[in-house]
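Coordinate analysis (summary)
Take a look at the letters that make up each chain.
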Amino acid sequence: MMRAVERAAVMMALVIALPGALTAGAAVAADAEPPTEEELHPPGELATEVAAEPAVGERVEPSPLVDRLLDDALTTGDEQRRLRIFHGRWEQLDEAALTVDERARLALLRFELDADALADDAAEAMVRAEAALWRGEPERTLALLGEDASIAARLLRARAHEAMGQLGEAVDELDPLRHAQRPPQGSALPPAEAWTALAEAITMLARLEGRPAEDYQRALNLLAAARDRHDPLYWPAYVAEGRLLLEKDNTGEGIEALLEALALNPQAGEAWYLLGRRAALSFDFDRSEEAIEQLRLINDDHLLAQAVEAHMRLVQRDPEGAAAAVAPALERYPAQRELLALDVAAAALSHDEAALAAALERFERVAPRNPLAHFLAGRYLSLARQYELAEAMLREALARQPNDPAARVELGLLLMQAGRDDDARVELARAARLDPFDRRAANQLHLVEQLLSVHQRIETEHFIITYKPGIDTVLARDVAREVEAIHDELTAAFEHEPVRKTQIDLMPDAQWFGVRITGLPEIWTVAAATGPVIAFAPPREGSQQRGTFDWHNVMRHEYVHTINLSQTRNRVAHWLTEAAGIAYERRQRDYATHRLLAWALHEDELFDLDNIIWGFVRPRTPRDRPLAYAQSHWMYEFIVEQFGRDAVLELLDAQAEGMGDVRSLEAVTGVSAATFTEAFLDWAHEQVEAWGLAPQPPNEAQRAIIGGERELTVDALSELIEEAGAHPEALRVVARFAVEQAEPARARELVRRYADARPVDPWPHEAMLELALDAGQEQELIAALQHLDDRQLEHGRWALQLARRHRAAGRLDEAGEAIKRALYREPYNADYRELAGAIALQRRDMDEALHHLEAMPLLEPDRAQHHVRLAALYSRLGRAEDAAAAARRAQQLDPAARVGRFLE
């Protein structure tokens, strides 16, 4: 029989890990309910470049202040018309009564850029000039403005010169405003308009020249004066402020300013455009589509709606959709710079060199030396991890405009993602000088300086491991001992080896891990791969930590991403590499994931092939991300089972050639996506049936047992078993009752019967721990612990119990493997580490023992005993100098330490 202390140890692990696990009573209908959010823990992430940001774009109620102004009896008819045009109250206008100038202003606000009024000489030249610039006719803008010396005219001329790639001329236009703290006396513009134009002019000049940061604050002060001191209803000041704040990655305040503008004018098209574009870059496609809808309510063919849609499609890696989005507007405005630049970005993402060359030629024909096309192409190529071409595009953009902080930031972030830290530091330092207010640039610069000056490195044949000296040295040493074996296994499996060493960054906490991956501290996961770089937060508890997890499994998962990205030129389908990552983890699918898949299948909540990626990138519910992981792996299993393991390698090869995920799947399997999906669903139903999670309506007797209406007694146990039949839920209720009330042999029989009916539920194995303890059934106890250890990797308690039991039974090799698994989950646990060292010594594995004993002083630096043990082991290994050094450290901590023999 088992000793009481052993029983207490196993039961304590059970109670700590699974509170309430052995509680009797009616079971939850696992086939009817999905798992809770707390039960779902997806693995590491294939990194995207943008972290989650605040929601953007809201339907805004018009300001009541505007209503009161319009209803004021003192407001004249002419003034009412002006205000209704300006504030977007167009439904209140009698358009037939408008003057030519009023019709031109209304057309510009509606982005009806071809309206007759905008070609009429009776309309104000400034309005016609702005419309011409939006159409892509900067030469016409310059002609219309002539020698107008007003601030607004200078600003518009500067924008026209910039559109033409004439940056020097743009600077010359703005130079007279360089030191202005307020609009010149006697300005013909209304005060709020003049102050806003001056702020925008100063901002543009600072961007063109790379001027110091105080210009940014001066511009914000001017905008505050425009709205607060001169006209609180002047919404263009809020739009200008929002644009400026978003450029500096001050997303929250930028969105707030744009929403203020929309409260004053719900038809402010540029505000909706800025919100929609920011939402797209944040993967918030619902908000982006809302902005597109609002723009199309203003004008069915709104140029900015088509631009936002193109930005969104590019983020979604849909170059065909992006090109289609801008095509109608380009037919009307063939020289519109942003549309042409978006078309270039779409061509770049299509992996079609001829199409890219043609798109660039079209852009250069109308906008020579303009950096916009290369900047947008570089941004979206970087987001798609096409680092080489993205870098070339961004460097060309910087060659054309060396002082552009946005392109410099994008380049610095790209180089960080690509693992080129030395180059990244150079570019990020330049970006920070140009724009010290950019959060991502400042964060990444600080991080890369830490990586290069503070972090230490361990280099192996295929990896460079960086870590902050101190306690993380323990984990870094563990990683270095394990990664080459991971490399050998996984590169053989995928028949591909990355061409360069993989950099593994062990970040000190979750916030710095977020900065490493996205440039911002907000990120949900524990590990991520960007291709040649894998980063993860430490698996430990504490402030700003993510808690314990199995780093070895996470490393396997992330290195699959690195291999897949390398072998496909960074073109692998997101779902496929996530599925492959899970497939090569050393863990079994847990119960929560089984339940999630069964529920999603039954409720028709599984993703389609063409939208599963957004479950990873922009989940709409807490279940979307874990479901995307689980379903991807499920489809991977189906592919391997139905088409063979080589089908996965063929999919990767096809995607390396630029074939999309759906097309590559059809080409490799030889069936249409619809046929594949139908076959997968049939197979999935069979799987769920085998799991014991298929919907199974109970009969009347079973319903009474499940619902708690049937009295459960030990005397009626045989009858209850017969009534439960093969229904998993009814069996579970009866088995749980038997564990609490029946004699152990009968309870064990029922627990095994329920385990056969629903083999994926961990409960029978949890129950078997107690039953096996009572019965002294060592094999059943070991089997139950192994089952739990294979599926619950958030802690090392089950592995610890296995290690202790194997060691007590003399199974030292099994004990060593078990304690190693415990340390994968909790590498900073000194008790686990000490046991690992003791087992290694028993096995006479001196190298393993030394590895663990050298870690102990890092984990518990104040304990002299660790240095005493090290001195003894060094002496045993013939390393006298090391033994003496360890002995001296022990004496420093404890003068009574018995280490004299090592100092002789």
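Residues numbered from 1 in each chain as written. Predicted model: local features only at pLDDT ≥ 70, side-chain atom pairs only at ≥ 80, totals over all residues. Heavy atoms only, no water.

Some thoughts on the overall build of the protein
Along the protein, the regular secondary structure elements total 46 helices and 6 strands. In the protein, the proportion of contacts linking residues at least 24 apart, taken out of those at least 6 apart, comes to 63%. For the protein, the computed accessible surface area is about 36700 Å², with 48% contributed by carbon and sulfur atoms. (Helix = DSSP H or I, 4+ residues; strand = E, 2+ residues; numbered from the N terminus. Contact = heavy atoms within 4.5 Å. Areas by Shrake-Rupley, 256 points an atom, 1.4 Å probe, with all protein chains shown as cover.)

Points about a negative patch on the surface
A cluster of like negative charges, contributed by Glu 603, Asp 604, Glu 605, Asp 608 and Asp 610, occupies part of the molecular surface. Within the secondary structure layout, Asp 608 lies in the loop between α28 (591-602) and α29 (613-617). With relative accessibility at 48%, the residue Asp 608 sits in the partly exposed group. (Patch = residues over 30% accessible without salt bridge, like charges linked within 9 Å, V, L, I, M, F, W, Y side chains within 5 Å. Salt bridge = Lys/Arg side-chain N within 4 Å of Asp/Glu carboxyl O. Lys, Arg positive; Asp, Glu negative; His and termini not counted. Charge placed at Lys NZ, Arg CZ, Asp CG, Glu CD. Buried < 20%, exposed > 50% of the residue type's maximum accessible area, 1.4 Å probe, protein only.)

Some details on the packing of helix α30 (residues 624-643) against helix α33 (residues 673-691)
At a minimum axis separation of 10 Å, α30 and α33 run at an interaxial angle of 105°. Judged by the inter-axis angle, α30 sits roughly perpendicular to α33. Mapping the contact onto sequence places Trp 634, Met 635, Glu 637, Phe 638, Ile 639, Glu 641, Gln 642 and Phe 643 in α30 and Phe 676, Ala 679, Phe 680, Trp 683, Ala 684, Gln 687, Val 688 and Trp 691 in α33. Grouping the constituent residues of the contact of α30 with α33 by class yields 12 nonpolar, 2 polar and 2 charged. (Axes fitted to C-alpha atoms, helices over the stretch in contact; angles between N-to-C directions. Parallel < 35°, antiparallel > 145°, perpendicular 65-115°, else oblique. Nonpolar A, V, L, I, M, F, W, Y, C, P; charged D, E, K, R; others polar.)

Description of helix α24 (residues 472-494)
Each α-helix winds once per 3.6 residues, and so residues spaced three or four apart point in a common direction. In a regular helix each residue adds 1.5 Å, so 23 residues correspond to 33 Å; α24 covers 31 Å between its end C-alpha atoms and thus fits that length. Along its length, α24 shows its largest kink, about 35°, at Glu 482. Phi for Glu 495, located one or two positions after α24, is positive at around 55°. (Expected span 1.5 Å × (residues − 1). Bend = angle between axes of the 7 residues up to and from the residue.)

Let's talk about the pattern of salt bridges
Counting across every chain of the model gives 62 salt bridges. Linking Arg 207 and Glu 162 is a salt bridge whose minimum nitrogen-to-oxygen distance equals 2.6 Å. Linking Arg 207 in helix α9 (residues 191-209) with Glu 162 in helix α7 (residues 151-163), this pair joins segments that are 45 residues apart in sequence. For the salt bridge of Arg 710 with Glu 719, the shortest nitrogen-to-oxygen distance reads 3.2 Å. Bridged by salt links that share partners, the residues Glu 391, Arg 395, Arg 408, Arg 420, Asp 423, Glu 427 and Arg 430 form one connected network.

Focus: the packing of aromatic side chains
Aromatic rings considered in pairs are described by the distance between their centres and by the relative angle of their planes. In this structure the tally under the stated criterion is 16 aromatic pairs. Where Phe 638 meets Trp 683, the ring centres are 5.4 Å apart and the plane angle is 55°; that geometry is what we call tilted. Of this pair, Phe 638 sits in helix α30 while Trp 683 sits in helix α33; the two residues are 45 residues apart in sequence, bridging distant segments of the chain. Of the two residues, Phe 638 and Trp 683, neither departs from the other in class, the shared state being buried. (Phe/Tyr/Trp six-rings, centres within 6.5 Å; stacked < 30°, edge-to-face > 60°.)

A look at the packing of helix α36 (residues 728-741) against helix α38 (residues 763-775)
Following both chains from N to C, one finds α36 and α38 inclined at 15°, their axes separated by 11 Å at the closest point. Taken as axis vectors, α36 and α38 run roughly parallel relative to one another. Like other packed secondary-structure pairs, α36 and α38 cross with a definite hand, here left-handed. In contact with Arg 732, Ala 735, Arg 736 and Val 739 of α36, α38 contributes Trp 763, Ala 767 and Leu 771. Grouping the amino acids of the contact of α36 with α38 by side-chain chemistry returns 5 nonpolar, no polar and 2 charged. (Left-handed = near helix turned anticlockwise from the far one by under 90°.)

Side note on the side chain of Glu 173
For Glu 173, the location among the structural elements is in helix α8 (residues 167-174). Within polar-contact distance, the side chain of Glu 173 engages the side chain of Arg 157 at 2.8 Å. For Glu 173, the contacting residues outside a window of four places in its chain are Arg 154, Arg 157, Ala 158 and His 161. (Polar contact = N/O pair within 3.5 Å; in protein donor to acceptor, adjacent residues only side chain to side chain.)

A closer look at unusual backbone geometry
We note that Arg 369 has phi near 70°; this positive angle belongs to a residue other than glycine. Mapped onto the elements of the fold, Arg 369 is located in the loop between α18 (353-366) and α19 (372-383). Even without glycine at this site, Arg 385 takes up a positive phi of about 60°. Locating Arg 385 in the fold gives a position in the loop between α19 and α20 (387-400).

Considering the confidence of the model for the protein
With 90% of its residues at a pLDDT of at least 70, the protein reaches an overall mean of 87. The spread of mean pLDDT over the elements of the protein runs between helix α1 (residues 4-17), the lowest at 47, and helix α17 (residues 337-349), the highest at 97. Segment residues 10-32: pLDDT under 50, and 57 contacts once partners within four positions in sequence are set aside and those in other chains are kept. Overall, residues 520-524 carries pLDDT values under 50, and its contacts beyond four positions in sequence, including any with other chains, amount to 26 contacts. (pLDDT = per-residue confidence, 0-100.)

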